[in-house]
Amino acid sequence: MLKPKMEEALNGQVNEEVFSAYLYASMVSYFESVNLKGFAHWMRMQVLEEQIHGQKVGEFIMARGGRLRLRAIAEPQQDWASPSAAFEAALQHEQHITECLNNLSTLAFSEQDHATRTFLEWFVTEQVEEEANTDNMVQQLKLAGDASGALFLLDREAGQRPAPAIAAPTGA
Ligand code: FEO
């Protein structure tokens, strides 16, 4: 059974993950509006990942006898100055999510909730990849600079990003 403090914090994480999906959906719209369909596809895959993350946490709350309480989702930013600015915002957001997960893990440890602490290990590991993938895009866009040919190639490569695997809701 989840303790109230842990349940509250996990519900907060569901909101963070659903907001992440919302933010990246807004980036899909931005990239479509500037005709960068490959980057839009990359962000669509990111939306799917975040939906899976939100669902995993929600299912975990319910599996532990807690109550999933869905909260309002904040309005995400709608426009960015450039593709680089959008990916930099995505990286900053992932760093924020990493911090949220670190705080959750610390709480699970201090509450001696080892089931939650173990559950969160998957997310902590996943964040390494999430930050690395996004940072890779930031770095490549920096290298491309103002060269439209390089941007075209990067956009095409981003369009090849595969869909995330659909895992069992509370599994890895
Ligand atoms: Fe759910 Fe991108 O972290």
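Relevant structure appears above.
These figures come from a predicted structure and were not determined experimentally.

Conventions adopted
- Residues numbered from 1 in each chain as written.
- Predicted model: local features only at pLDDT ≥ 70, side-chain atom pairs only at ≥ 80, totals over all residues.
- Heavy atoms only, no water.
- Core = buried A, V, L, I, M, F, W, Y, C linked by side-chain atoms within 4.5 Å.
- Buried < 20%, exposed > 50% of the residue type's maximum accessible area, 1.4 Å probe, protein only.
- Helix = DSSP H or I, 4+ residues; strand = E, 2+ residues; numbered from the N terminus.
- Contact = heavy atoms within 4.5 Å.
- Salt bridge = Lys/Arg side-chain N within 4 Å of Asp/Glu carboxyl O.
- Expected span 1.5 Å × (residues − 1).
- Bend = angle between axes of the 7 residues up to and from the residue.

## A word on the nonpolar core
In this structure, Y24, M27, F31, F39, M43 and F87 are the most contacted members of the largest nonpolar core, which totals 25 residues. Elements that contribute at least two residues to this core include exactly α1 (4–33), α2 (37–63), α3 (83–110), α4 (114–144) and α5 (148–158). Broken down by element, this core gets its largest block of residues, eight residues, from α1. The contact partners of Y24, leaving out residues within four places of it in the chain, are M43, Q46, V47, E50, A90, H93 and E94. Core analysis: the second largest hydrophobic core is formed by 15 residues, L2, V14, I61 and A108 among them.

## What about the pattern of salt bridges?
Taken as a whole and assessed by the stated rule, the structure comprises eight salt bridges. In this structure, E111 engages K5 in a salt bridge whose closest nitrogen and oxygen atoms are separated by 3.9 Å. Placement of the pair is E111 in the loop between α3 and α4 and K5 in helix α1, with a sequence separation of 106 residues. The class for K5 is exposed, based on a relative accessible area of 52%.

## Observations concerning α4
With 31 residues, α4 extends 45 Å from end C-alpha to end C-alpha; this agrees with the ideal 45 Å at 1.5 Å per step. In α4, a bend of some 25° at L120 exceeds every other bend along the element. Of the positions making up α4, those classed as buried are T116, F119, L120, F123, E126, Q127, E130, T134, M137, V138, L141 and A144. The secondary structure elements touched by the buried residues of α4 are α1, α2, α3 and α5.

## Focus on α2
Helix length check: α2 (27 residues) gives 39 Å between terminal C-alpha atoms against 39 Å at 1.5 Å per residue, within 8%. Among the residues trailing α2, G65 stands out with phi positive, at a value near 80°.

## A look at the environment of N136
Considering the arrangement of structural elements, one finds N136 in helix α4. The class of N136 is partly exposed, set by a relative accessible area of 41%. When the C-alpha positions of N136 and Q160 are compared, they lie 15 Å apart, and in sequence the two are 24 residues distant.

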